[in-house]
Structures are given as structure tokens and as C-alpha cells.
Amino acid sequence: MHLAYPAVLSALLFSTGLYGVLARRNAILVLMSVELMLNAVNLNLVAFDVWLSKTAQDTLHSGQALTLFTIAIAAAEIGIGLAIVLAVYRNRGTSDIDKLRDTAETDDGPDGPESPDGDSPDSASATAEKAEATA
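This is a predicted model, so every value here is computed, not measured.

**Q** Lay out the overall build of the protein with the relevant residues and their values.
**A** Per the secondary structure count, the protein includes four helices and zero strands. In the protein, the order of α-helices and β-strands from amino to carboxyl end is α-α-α-α. Taken across its 135 residues, the protein has 19% of its residues classed as buried. Pairs at least 24 residues apart make up 53% of the contacts formed inside the protein by residues separated by at least 6 positions. About 9,900 Å² of surface is accessible on the protein, with carbon and sulfur atoms providing 64% of the total.

Next comes the structure, spelled out in C-alpha cells:
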């Protein structure tokens, strides 16, 4: 088999994954696209390992060994990524990437943005007025 066949297939897989990362809004679909890109790289590693082993006398199969490490790292990455996405979905109610700009973003209530100490700008004066009214 020629090297061109797996190389073209790998390029198509990687392009599809790249499109998925750039165009999708759902975090789960973005993670699936990243996995597709990693699988395209794995296919290239194995294909070039087989192609180079035909020319070399000593075959080390380093491409296949590196593919196993990549698969292990991808499994850990997808596990951690899914855990983060599920935690964000439980807290925010959505996994849309556009709506999740910053996880440390403060919530703007009806009184406006909150101050760094967690109180709105008018809440300090409201608290002082309540203390005077009870005294």
C-alpha cells in the first residue's frame, strides 16, 4: 500500500476535526473534534512508521509506541474535559461555548455590576440605612 492513501485520509480527518473545533458551539462536539484530530495524527504516525520500517534494517516501531502514548493522553484529556463540561453544565445550565466566556465572571443583577467585595454599589448605603433605621 502506498503512503499517499493513509496520508490523504489523515488530512481529511484532520481537516474535518479542525472545522469542528472552529465551527461548533457545543463543548462536547468540540471535544469530539479534537479527538478526531488526534486520531488523524495517530494514523499518520502508524503509516509513516510502517513506511519507514520497510527501508530500515532495524525496526523499532517508534511511531506505533508514540501512538499508544497519544491514545493514553487522549483518554485522560477526554475524561478531564468531560468532567469539566459536566460541572459547567450543572452550574450554568448550558454547554454552549459562546455563553461560557469566563467561568469567574460575576453575575450582573438588576442593580448593575457587583463590586469586588461581592456587594453591589448601592448595597453599602442600603445596609447603612437599615442599620440606622433599626437603631
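Once the structure has been displayed, the description carries forward.
**Q** Report on the pattern of salt bridges, specifying residues and quantitative values.
**A** Summed over the entire model, instances satisfying the criterion amount to one salt bridge. For the salt bridge of D98 with R25, the shortest nitrogen-to-oxygen distance reads 2.8 Å. You can see D98 sitting in the loop between α3 (62-92) and α4 (123-134) and its partner R25 sitting in the loop between α1 (4-23) and α2 (27-55), a full 73 residues away along the chain.

**Q** Can you tell me about the layout of surface pockets, naming the residues and giving the values?
**A** Its volume calculated, the largest pocket comes out at about 160 Å³. In terms of lining residues, the largest pocket is bounded by M1, H2, L3, P6, L43, V46, A47, V50, W51 and K54. Element by element, the count of residues in the lining of the largest pocket is highest for α2, at six residues. Here the residues of the lining of the largest pocket sort into eight nonpolar, one polar and one charged.

**Q** Explain the packing of α1 against α2 to me, and be specific about the residues and the numbers.
**A** In contact at an axis separation of 8 Å, α1 and α2 are set at 160° when each is read in the N-to-C sense. On the basis of the axis angle, α1 is roughly antiparallel to α2. Note on packing geometry: the crossing formed by α1 with α2 is left-handed. Between α1 and α2, the residues in contact are P6, A7, L9, S10, L13, F14, T16, G17, L18, G20 and V21 and V30, S33, V34, L36, M37, A40, V41, L43, N44 and A47, respectively. Residue classes in the contact of α1 with α2 are distributed as 15 nonpolar, six polar and no charged.

**Q** So what about a nonpolar patch on the surface? Which residues, and what values?
**A** Taken together, the side chains of F14, L18, L22 and V41 define a hydrophobic patch exposed on the protein surface, amounting to about 350 Å² of accessible area. At three residues, α1 tops the list of elements feeding residues into the nonpolar patch. By the element assignment, L18 lies in helix α1.

**Q** How would you explain the side chain of T70 if you had to name every residue and give the values?
**A** Its location among the elements puts T70 in helix α3. Look past the residues within four positions of T70 in its chain and what remains in contact with it is L38, N42 and L45.

**Q** Quick rundown of α3? Include the residues and the values.
**A** Taking 1.5 Å as the rise per residue, α3 with 31 residues should run 45 Å; its terminal C-alpha atoms sit 44 Å apart, in good agreement. When α3 is considered as a whole, its buried residues turn out to be G63, T67, T70, A74, G81, V85 and V88. On its buried face, α3 is in contact with α2. Positive backbone phi, approximately 85°, marks G93, located one or two places after α3.

What counts as what
- Residues numbered from 1 in each chain as written.
- Predicted model: local features only at pLDDT ≥ 70, side-chain atom pairs only at ≥ 80, totals over all residues.
- Heavy atoms only, no water.
- Helix = DSSP H or I, 4+ residues; strand = E, 2+ residues; numbered from the N terminus.
- Buried < 20%, exposed > 50% of the residue type's maximum accessible area, 1.4 Å probe, protein only.
- Contact = heavy atoms within 4.5 Å.
- Areas by Shrake-Rupley, 256 points an atom, 1.4 Å probe, with all protein chains shown as cover.
- Salt bridge = Lys/Arg side-chain N within 4 Å of Asp/Glu carboxyl O.
- 1 Å grid on protein atoms, 1.4 Å probe; cavity = no way out; pocket = protein on both sides within 12 Å on 5 of 7 lines; lining within 4 Å.
- Points joined across faces, edges and corners; volume = space filled by probe spheres on them.
- Nonpolar A, V, L, I, M, F, W, Y, C, P; charged D, E, K, R; others polar.
- Axes fitted to C-alpha atoms, helices over the stretch in contact; angles between N-to-C directions.
- Parallel < 35°, antiparallel > 145°, perpendicular 65-115°, else oblique.
- Left-handed = near helix turned anticlockwise from the far one by under 90°.
- Patch = residues over 30% accessible without salt bridge, like charges linked within 9 Å, V, L, I, M, F, W, Y side chains within 5 Å.
- Expected span 1.5 Å × (residues − 1).

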